[in-house]
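Each chain is listed here by its residues.
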Amino acid sequence: FANDVVVSKSEIVERVAKLTALPVGSPDAVVRVEDAETLKKQNLFYENVKVGDYIIMYQELAVIYDLRNNTIVSIKKSE
């Protein structure tokens, strides 16, 4: 756990907002990935997810964010 950086959910959202347009308002959820393998089996959207990434979920948008590299791994818009 020594390498884990603890940041607030609002800071995660702020960082992602600098990289891509996000819907107005607070996300429905901000979740830190603990079990990447299970997610990968559930949906292709998660194929490149790693433990420690964050998933930011809105009603119409989901973003996988890599905090360590400050990059967006994947974005999925729902219709």
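That block above? That's the structure.
A brief report on the enclosed structure follows. For clarity, every value in this text was computed on a predicted model and none was experimentally measured.

Cut-off values and rules
Throughout this description, residue numbers start from 1 for each chain and increase along the sequence as written. Totals for whole chains, interfaces and linings use every residue, but because this is a predicted model, local features are given only for residues with pLDDT of at least 70 and side-chain atom pairs only at 80 or more, for both listing and counting. Hydrogens are left out, water is left out, and the side-chain values use all remaining heavy atoms of the structure. Strands are runs of DSSP state E lasting at least 2 residues, helices are runs of H or I lasting at least 4, and numbering of each runs from the N terminus. Three labels apply to residues, based on accessible area from a 1.4 Å probe with only protein chains included: buried if under 20% of the type maximum, exposed if over 50%, partly exposed otherwise in between. The protein chains shown are the only cover counted for residues, whose accessible areas, like all others here, come from Shrake-Rupley with a 1.4 Å probe. For the purpose of charge, His is not counted, nor are the chain termini; Lys and Arg are scored as positive and Asp and Glu as negative. Here the site of a charge means atom NZ of a Lys, CZ of an Arg, CG of an Asp or CD of a Glu. The directions considered for the arc run from the helix axis to the C-beta atoms. Residues are treated as being in contact if the distance between any of their heavy atoms lies within 4.5 Å. Residues belong to one nonpolar core when they are buried, are Ala, Val, Leu, Ile, Met, Phe, Trp, Tyr or Cys, and are joined through side-chain atoms within 4.5 Å.

Quick notes on the overall build of the chain
- The secondary structure content of the chain amounts to two helices and four strands.
- For the chain, the α and β elements follow one another from N to C terminus as α-β-α-β-β-β.
- For the C-alpha atoms alone, the extent of the chain along its principal axes is close to 35 × 30 × 20 Å.
- A buried classification covers 34% of the 79 residues belonging to the chain.
- Accessible surface computed for the chain: about 5400 Å², of which carbon and sulfur atoms make up 51%.
- Averaging the positions of the 10 positive and the 12 negative side-chain charges in the chain gives two centres separated by 2 Å.

Points about helix H1 (residues 9-19)
- Those residues of H1 that fall on the buried side of the exposure criterion are Ile12, Val13 and Val16. Looking straight down H1, one finds its buried side chains confined to an arc of 95°; they lie on one side. Seen from the open side of H1, the exposed residues pointing more than 90 degrees away from its buried face are Glu14 and Lys18.
- Those residues of H1 that are buried lie in contact with strand S1 (29-32), strand S2 (54-57), strand S3 (61-66) and strand S4 (71-77).

A closer look at the nonpolar core
- Within the largest apolar cluster, 13 residues are counted, with the highest numbers of intra-cluster contacts made by Ile12, Val16, Leu22, Tyr54 and Ile56.
- Only H1, S2 and S3 provide two or more residues apiece to this core.
- When residues no more than four places from it in sequence are discounted, the contact partners of Ile56 are Ile12, Val13, Val16, Pro27, Ala29, Val30, Leu61, Ala62, Val63 and Tyr65.
- Core analysis: the second largest hydrophobic core is formed by nine residues, Ala36, Phe45, Tyr46 and Val49 among them.

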